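Residues per chain are reported as follows:
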Amino acid sequence: MKSIVKKSLALLLAGLILAGFAGCISPGADKPGIEPEITSVPSEAPTEASSGAPSEDYPLPENPDAVGDCVKDAEVLLHIPYGDEKEGVGLTGPDAERDWYNGPESFTVADGKIYLLDTIKRRVIVSDGETTDYIDISEPLAYWTQIAVIGDKLYLGDSSEEIPVLAVFDMTGNKLEDIELPDRMMENGISKLFTSNGHLAIYDNELVFYKMEDDGFSEVYDIGVDPVAEPKFTVTFGDNEIGLDTGDNTRPGVQMIRDDRIYLEVLGYDPDADTESIREVSYRVYDFSGKLLGATAVDRRELFTLSGSKMYVSPEGELYVMCCMKDGVYVTKPHLRAE
């Protein structure tokens, strides 16, 4: 029953985002540029030190409406406009069958560099804040929506079900190998690729956590969420039961657990709208007592692509966000606010 609950949550949130987005972009839109008791963390859970503590030590923006915004109240690490030229990030749509655009769906940060998966142009854009490089991938990227970087290797995976492998490339884009996925992971699809204690780690769409070592993948733990997509809910993993409340007119989705923190993506709805309409997407960090440590948000109406915005959490617990806005793609390190 738990696996059905978790998978229903993932599918429900994906459907809600799609439904909310469909009302934001029309086919004629301009195309720019082209206190439950806490026991213990499972022994195999990621336990990196969380040096990226949410903080309000940053000066507030002059515009009060910008406080807590993923882009306007953040350190902007990368901005790339859409376009067909080399410097532009890929964008497609709309067409007769859809009224939204498709753009990047995943990114990661490793060794001081941003790696943006530019699926449409079949490449990875790499930026250190001063220079930008492009890694052309030797195979089509039609099904790859997730990226991780470990050392000098790129790992690409897909969130769809029944994709049997991870693809591994070197830093010139040459294919090194395919890694066969466990049956359960393949059936569920990959939610997130990331690193944990120097190893490749994965959450599937049922919030099962895997790690990969020399002898292959092993299941570490799974996360339970009950009830699904409700503001007040309980997160369970290992011996832990953690109560959370994301507030009225919200639908939360657990993204991952790092050390002693829970990271959520939360859809916020307009209570005054005649139909259910997503107003904002927020990324939040809670501790194991259920306390909000920090949050950032983006106005859903300002997002331009189907994927909209995505988060990445570093091994140190620092949160980064990619926002596909109308004037291009931003990767930021938000100034997390406690409200």
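Residues numbered from 1 in each chain as written. Predicted model: local features only at pLDDT ≥ 70, side-chain atom pairs only at ≥ 80, totals over all residues. Heavy atoms only, no water.

Draft legend 1. Structural context of the overall build of the protein. Within the protein, the secondary structure is distributed over 2 helices and 23 strands. Each of the 339 residues in the protein was classed as buried or not, and the buried ones make up 52%. As presented, the protein carries roughly 15,100 Å² of accessible surface, and 46% of it is formed by carbon and sulfur atoms. (Helix = DSSP H or I, 4+ residues; strand = E, 2+ residues; numbered from the N terminus. Buried < 20%, exposed > 50% of the residue type's maximum accessible area, 1.4 Å probe, protein only. Areas by Shrake-Rupley, 256 points an atom, 1.4 Å probe, with all protein chains shown as cover.)

Draft legend 2. Just a negative patch on the surface, in detail. A cluster of acidic residues, E162, E180, D183 and E187, forms a negative patch on the protein surface. Mapped onto the fold, E162 is located in the loop between β7 (153–157) and β8 (165–170). (Patch = residues over 30% accessible without salt bridge, like charges linked within 9 Å, V, L, I, M, F, W, Y side chains within 5 Å. Salt bridge = Lys/Arg side-chain N within 4 Å of Asp/Glu carboxyl O. Lys, Arg positive; Asp, Glu negative; His and termini not counted. Charge placed at Lys NZ, Arg CZ, Asp CG, Glu CD.)

Draft legend 3. Examining the confidence of the model for the protein more closely. Residues of the protein with pLDDT of at least 70 account for 81%, and the chain-wide mean is 85. Low pLDDT, under 50, characterises residues 47–52; the predicted model gives this stretch 21 contacts beyond four residues in sequence or across chains. (pLDDT = per-residue confidence, 0-100. Contact = heavy atoms within 4.5 Å.)

Draft legend 4. Representation of the sheet that holds strand β2 (residues 106–110) within the structure. Reading across from one edge, β2-β3-β4-β5 is the order of the 4 strands in this open sheet, with antiparallel pairing throughout. The sheet terminates laterally at β2 and β5 (132–136), the two strands that pair on one side only. Across the sheet, the mean angle from the axis of one strand to that of its neighbour is 20 degrees, orientation sign disregarded. Two strands pair when backbone bridges link them, and β2 and strand β3 (residues 113–118) are joined in this way by 5 bridges, in the antiparallel orientation. Across the sheet, F107 pairs through a bridge with L116, a residue of β3. (Pairing = 2+ DSSP bridges. Axes fitted to C-alpha atoms, helices over the stretch in contact; angles between N-to-C directions.)

Draft legend 5. Focus on the pattern of salt bridges. All chains considered together, the criterion is met by 9 salt bridges. Note that R337 and D73 form a salt bridge whose closest N and O atoms lie 2.9 Å from each other. With R337 in the segment after β23 (328–334) and D73 in the loop between α1 (2–22) and β1 (74–80), this residue pair connects regions lying 264 residues apart in the sequence. Considered together, R337 and D73 belong to a single accessibility category, that of buried residues. With a shortest N-O distance of 3.0 Å, K333 and E318 are connected by a salt bridge. One end of the pair, K333, is in strand β23; the other, E318, is in the loop between β21 (309–313) and β22 (319–325), and 15 residues separate them in sequence.

Draft legend 6. Spotlight on the pairing of strand β12 (residues 208–213). In terms of residue burial, β12 counts as a mostly covered element, since 5 of its 6 residues are buried. Here strand β11 (residues 199–204) folds back onto β12 in antiparallel fashion, the turn holding 3 residues, of which L207 has a positive phi close to 60 degrees.

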